[in-house]
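Fold and geometry: a report
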Amino acid sequence: MHAAISDLARRLRDCDRLVLFTGAGVSAESGIPTFRDAQTGLWARYSPEQLASPEGFRADPRTVWAWYAWRREKCLAAAPNPAHLAIAELQRRLPGVTLITQNVDGLHQRAGSEAPLELHGNLHRLKCFRCGADGGDWPETLDPLPRCVCGGLLRPAVVWFGESLPGEVLARASEAGLQAGLFFSIGTSSLVYPAADLPFQAKRRGAFVVEINPQPTPLSRHADLCLHGAAGGVLPRLLAALE
Ligand SMILES: [Zn+2]
């Protein structure tokens with residue numbers, strides 16, 4: 001892997017448009033379980049749709065809020081890991097870096113990354129279930145459940161099952177991918193569309209696509225380089241090779 005890392009560091013130095021695209025694997029290294037892995041104990045008796053869909057929220061908003069309050073506690077108790085920190089450092093050192101994430105935990109921002117494109121939203125922010133208006137930060141209490149000025153219930157500002165990704169964020173992510181000289185897919189299973197298509201789009205436009213993931217994924221055989229390992233191990237080595 002040493003030669004591959006040195007070669008990649010050289011490509012990074014020569015690249016003026018870099019996209020870093022992250023998924024659940026990066027958060028998992030901070031101890032944050034994936035949605036399905038988090039559905040243990042008392043949550044195991046619910047379907048994913050009961051906890052994270054418009055229908056589920058309409059039927060039982062209090063249970064959905066309780067689920068996200070629990071998820072949010074896990075995120076607040078976790079800390080950014082070496083992958084998050086290396087990504088923030090790459091953004092500081094290199095020009096033209098766009099960070100796109102599928103994670104909703106806010107750990108990239110806590111590591112110092114500014115304004116990542118959050119394809120699946122952010123569970124620390126709220127929006128109105130009725131009118132869609134921004135609902136600010138979490139309330140002090142969930143009793144009563146928080147409401148918008150329009151009277152509608154507020155909800156966590158994440159993308160639920162059956163919902164589309166936020167159009168403007170997806171458009172900006174797609175544009176960054178199409179212009180990328182180098183595209184890193186980091187800690188993502190490359191299974192959930194349309195996000196999973198971003199590296200393929202970049203590849204078709206001529207980007208050099210790098211996959212960093214412990215296991216092979218559907219992207220692996222299309223990527224120009226696969227580094228099989230944890231992002232928290234690979235990215236700091238890459239950063240060191242940039243020196
Ligand atoms: Zn509203």
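Residues numbered from 1 in each chain as written. Predicted model: local features only at pLDDT ≥ 70, side-chain atom pairs only at ≥ 80, totals over all residues. Heavy atoms only, no water.

**Thoughts on the overall build of the chain**
The cut-off we apply is this: Strands are runs of DSSP state E lasting at least two residues, helices are runs of H or I lasting at least four, and both sets are numbered from the N terminus onward. C-alpha atoms define the radius of gyration in this analysis, and the globule rule sets the expected value at 2.2 Å times the number of residues to the power 0.38. Residue exposure (1.4 Å probe, protein chains only): buried if accessible area is under 20% of the type maximum, exposed if over 50%, otherwise partly exposed. Throughout, a contact is declared for two residues whenever any of their heavy atoms are within 4.5 Å. Areas reported here follow the Shrake-Rupley algorithm with a probe of radius 1.4 Å; residue values treat only the protein chains shown as occluding.
For the chain, the helix and strand inventory stands at 11 helices and nine strands. For 243 residues, the compact-globule estimate of 2.2 N^0.38 gives 18 Å, and the C-alpha radius of gyration of the chain, at 19 Å, lies within 12% of that figure. Its C-alpha atoms give the chain principal-axis dimensions of roughly 55 × 35 × 30 Å. The 243 residues of the chain split such that 51% are buried. Expressed as a percentage of contacts within the chain between residues at least 6 apart in sequence, the contacts between residues at least 24 apart total 66%. For the chain, the accessible area works out to roughly 11,300 Å², and carbon and sulfur atoms hold 52% of it.

**Some remarks on the coordination of the zinc ion**
Reference values for coordination geometry: four tetrahedral donors around a metal ideally subtend 109.5 degrees, six octahedral donors ideally subtend 90 or 180 degrees. Test applied: Shown as donors are all N, O and S atoms within 2.8 Å of a metal ion, widened to 3.2 Å for Na, K and Ca; because water is not in the atom set, sites may appear incomplete. Every angle between 85 and 135 degrees makes a four-donor site tetrahedral, while opposite donors more than 155 degrees apart, with all other angles between 65 and 115, make a four-donor site square planar and a six-donor site octahedral; other sites are irregular.
Coordination of the zinc ion by the protein comes from Cys128 (SG), Cys131 (SG), Cys148 (SG) and Cys150 (SG), over a distance range of 2.2 to 2.4 Å. For the zinc ion, the four donor atoms in the first shell make angles of 102 to 119° at the metal, so the coordination geometry reads as tetrahedral. Sequence positions of the residues that donate to the zinc ion give the spacing C-x2-C-x16-C-x1-C. Of this pair, cysteine 128 sits in strand E4 (residues 121-128) while cysteine 150 sits in the loop between strand E5 (134-137) and strand E6 (154-158), and the two are 22 residues apart along the sequence.

**A look at the UniProt feature "binding site: substrate" (unreviewed entry) in the chain**
Heads up, the condition is: UniProt positions are given in the numbering used here, feature names are shortened, and annotations may be inferred rather than shown by experiment.
Taking the numbering used here, the UniProt-annotated feature "binding site: substrate" (unreviewed entry) corresponds to Tyr68 and Arg71. The exposure class of tyrosine 68 is buried, given its relative accessible area of 5%. Sequence-distant contacts of tyrosine 68, defined by excluding residues within four places in its chain, comprise Phe35, Leu51, Ala52, Leu123, Trp138, Pro156, Val158 and Trp160. Topologically, arginine 71 is positioned in helix H6 (residues 61-77).

**Remarks on the pattern of salt bridges**
It is possible for side chains bearing opposite charge to pair when their charged atoms get close. Selection rule: Salt-bridge detection follows one rule: a side-chain nitrogen of Lys or Arg within 4 Å of a carboxyl oxygen of Asp or Glu.
Taken as a whole and assessed by the stated rule, the structure comprises 10 salt bridges. Linking glutamate 118 and arginine 125 is a salt bridge whose minimum nitrogen-to-oxygen distance equals 3.4 Å. By relative accessible area, which is 35% here, arginine 125 ends up partly exposed. Of the charged contacts in the structure, one is a salt bridge between lysine 203 and aspartate 224, with a shortest N-O distance of 2.6 Å. On the criterion of sequence distance, the pair formed by lysine 203 in helix H10 (residues 198-204) and aspartate 224 in the loop between strand E8 (208-212) and strand E9 (225-227) is long-range, its members being 21 residues apart. Looking at aspartate 224, the relative accessible area reads 34%, which means it is partly exposed. Because the salt bridges share partners, they merge into one network encompassing Glu89, Arg92, Arg93 and Glu243.

**Here we look at the sheet that holds E5**
The criterion, for reference: When DSSP locates at least two bridges between a pair of strands, those strands are taken to pair. All axes are obtained by fitting lines to C-alpha atoms, using only the stretch in contact for helices, and the reported angles, taken between N-to-C directions, cover 0 to 180 degrees.
Pairing in this open sheet of three strands is antiparallel, and the strands run E5-E4-E6 from one edge to the other. Of all strands in the sheet, those bounded by a partner on one side alone are E5 and E6. Each strand axis lies, on average, 45° off the axis of its neighbour in the sheet, ignoring direction.

**Structural notes on the pairing of strand E7 (residues 182-186)**
For E7, a buried count of five out of five residues is recorded, marking the element as mostly surrounded by other parts of the structure. Judged by which residues are buried, E7 turns out to be covered on both faces: Leu182, Phe184 and Ile186 on one side and Phe183 and Ser185 on the other are all buried. Bridge count for strand E1 (residues 18-22) against E7 is five bridges, and the pairing is parallel. Residue pairing for E7: valine 19 is matched across the bridge by phenylalanine 183.

**Here's the deal with unusual backbone geometry**
A cis amide bond links aspartate 143 with the next residue in sequence, proline 144, at an omega value of 5°. Its place among the elements puts proline 144 in the loop between E5 and E6. The residue after tyrosine 193, namely proline 194, is reached through a cis peptide bond having omega 5°. Structurally, the position occupied by proline 194 is in the loop between E7 and H10. Despite not being glycine, alanine 115 has its phi angle at roughly 45°, a positive value. With phi around 55°, serine 190 is a residue other than glycine that occupies positive phi space.

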